[in-house]
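Residue-level listing of the chains:
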Amino acid sequence: LFSEETARQPISKEKPVLIVDELDGTSHYIAKRNGFAHQTALWWPGEGLVCGMIYYPLEDILLKAWRGEKAQLVVQGEVHIMDPSIPPTWAELRHYHTKRYRGSKYRVLFSKMGVQEEQIVYTHADRTRQALKGDIHSILSLMRLIHPWDWAGEKVILEALGWRYAYLDGQALDPFVSPPPTNKGYLACPEAWF
């Protein structure tokens, strides 16, 4: 087990590893409002990340994917197979921006990229579900380090949609290796738009 909430223990790529965030969105949980979830990914020796899952307990909604299969949205037991939603033009792309932290660095970057205000979708821990439904098409994080339990489950799910989830320079993420010291952030979006 490799987890945010448990004591650190030695882990090895040679054994199966569950990468878990028991409570993703703690501030929402404390405030007793929706927007928190349980996130899990399964690492398998010789194969890498093979399964991802995000569960929203208040709504009984599960997002899940096995590598090589289509992602699923399970709403109160009803399964929906999710197909990719890849806009053909830049103007149709919708970009995630966290609802709580609206710092200028994202505004400046979006402006340099030519992103219009109507292309920005403000949300919280619900971003993966919005991506599955085709409401957002890119997740940009300008942070040097995001711990694996915060991205591993989401990565498997979004890659099942044909997305790429990597560092801004395109380098692949590895849950067992810290990001390079020069890392400027993370990007998840359809492979065609990376």
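Everything below is about the structure printed above this text.
Residues numbered from 1 in each chain as written. Predicted model: local features only at pLDDT ≥ 70, side-chain atom pairs only at ≥ 80, totals over all residues. Heavy atoms only, no water.

Engineer: Quick rundown of the overall build of the protein? Include the residues and the values.
Structural biologist: Along the protein, the regular secondary structure elements total four helices and twelve strands. Since a compact globule built from 194 residues should have a radius of gyration of about 16 Å, the 16 Å found for the protein is in line with a globular shape. Taken along the three principal axes of its C-alpha coordinates, the protein extends 45 × 40 × 35 Å. Expressed as a percentage of the 194 residues in the protein, the buried residues total 46%. In the protein, of all internal contacts separated by at least 6 residues, the share reaching a separation of at least 24 is 54%. (Helix = DSSP H or I, 4+ residues; strand = E, 2+ residues; numbered from the N terminus. Rg over C-alpha atoms; globule rule 2.2 N^0.38 Å. Buried < 20%, exposed > 50% of the residue type's maximum accessible area, 1.4 Å probe, protein only. Contact = heavy atoms within 4.5 Å.)

Engineer: Tell me about the packing of aromatic side chains, residues and numbers included.
Structural biologist: With the rule as written, the count across this model stands at four aromatic pairs. An angle of 70° between the planes, with centres 5.3 Å apart, marks the rings of phenylalanine 2 and tryptophan 149 as edge-to-face. Of this pair, phenylalanine 2 sits in strand β1 (residues 2–3) while tryptophan 149 sits in helix α4 (residues 148–159); the two residues are 147 residues apart in sequence, bridging distant segments of the chain. Across this residue pair, the class does not change: phenylalanine 2 and tryptophan 149 are buried. Relative to tyrosine 186, the ring of tyrosine 167 lies with its centre 5.2 Å away and its plane at 50°, an arrangement referred to as tilted. Of this pair, tyrosine 167 sits in strand β11 (residues 163–167) while tyrosine 186 sits in strand β12 (residues 186–190), and the two are 19 residues apart along the sequence. (Phe/Tyr/Trp six-rings, centres within 6.5 Å; stacked < 30°, edge-to-face > 60°.)

Engineer: So what's going on with the layout of surface pockets? Which residues, and what values?
Structural biologist: Of the pockets and cavities examined, the largest pocket occupies roughly 860 Å³. Considering the residues around the largest pocket, the lining is formed by 40 residues, among which Asp24, Tyr96, Thr98, Tyr101 and Arg127 are closest to the centre. In the lining of the largest pocket, the residues fall into 18 nonpolar, 13 polar and nine charged. (1 Å grid on protein atoms, 1.4 Å probe; cavity = no way out; pocket = protein on both sides within 12 Å on 5 of 7 lines; lining within 4 Å. Points joined across faces, edges and corners; volume = space filled by probe spheres on them. Nonpolar A, V, L, I, M, F, W, Y, C, P; charged D, E, K, R; others polar.)

Engineer: Break down the pattern of salt bridges for me, with residues and values.
Structural biologist: Throughout the structure, instances matching the rule amount to nine salt bridges. When the shortest N-O distance is used, the salt bridge between arginine 67 and glutamate 47 registers 3.8 Å. One end of the pair, arginine 67, is in the loop between β5 (61–66) and β6 (72–75); the other, glutamate 47, is in the loop between β3 (37–44) and β4 (48–56), with 20 residues separating them in the sequence. You can call arginine 67 partly exposed: its relative accessible area is 43%. (Salt bridge = Lys/Arg side-chain N within 4 Å of Asp/Glu carboxyl O.)

Engineer: So what about the nonpolar core? Which residues, and what values?
Structural biologist: General note: in soluble globular proteins, nonpolar side chains tend to be found buried as a group. One finds Ile19, Leu49, Leu63 and Leu158 to be the most contacted residues of the largest nonpolar core, which totals 35 residues. Mapped by element, the contributors of at least two residues to this core are β2 (17–24), β3, β4, β5, α3 (127–133), α4, β11 and β12. A per-element tally of this core places α4 first, with six residues. The contacts of leucine 158, once residues within four sequence positions are left out, are Thr128, Ala131, Ile139, Trp163, Tyr165 and Ala188. Membership of the second largest hydrophobic core comes to nine residues, among which are Tyr122, Leu140, Leu142 and Leu187. (Core = buried A, V, L, I, M, F, W, Y, C linked by side-chain atoms within 4.5 Å.)

In short, geometric facts, not functional conclusions.
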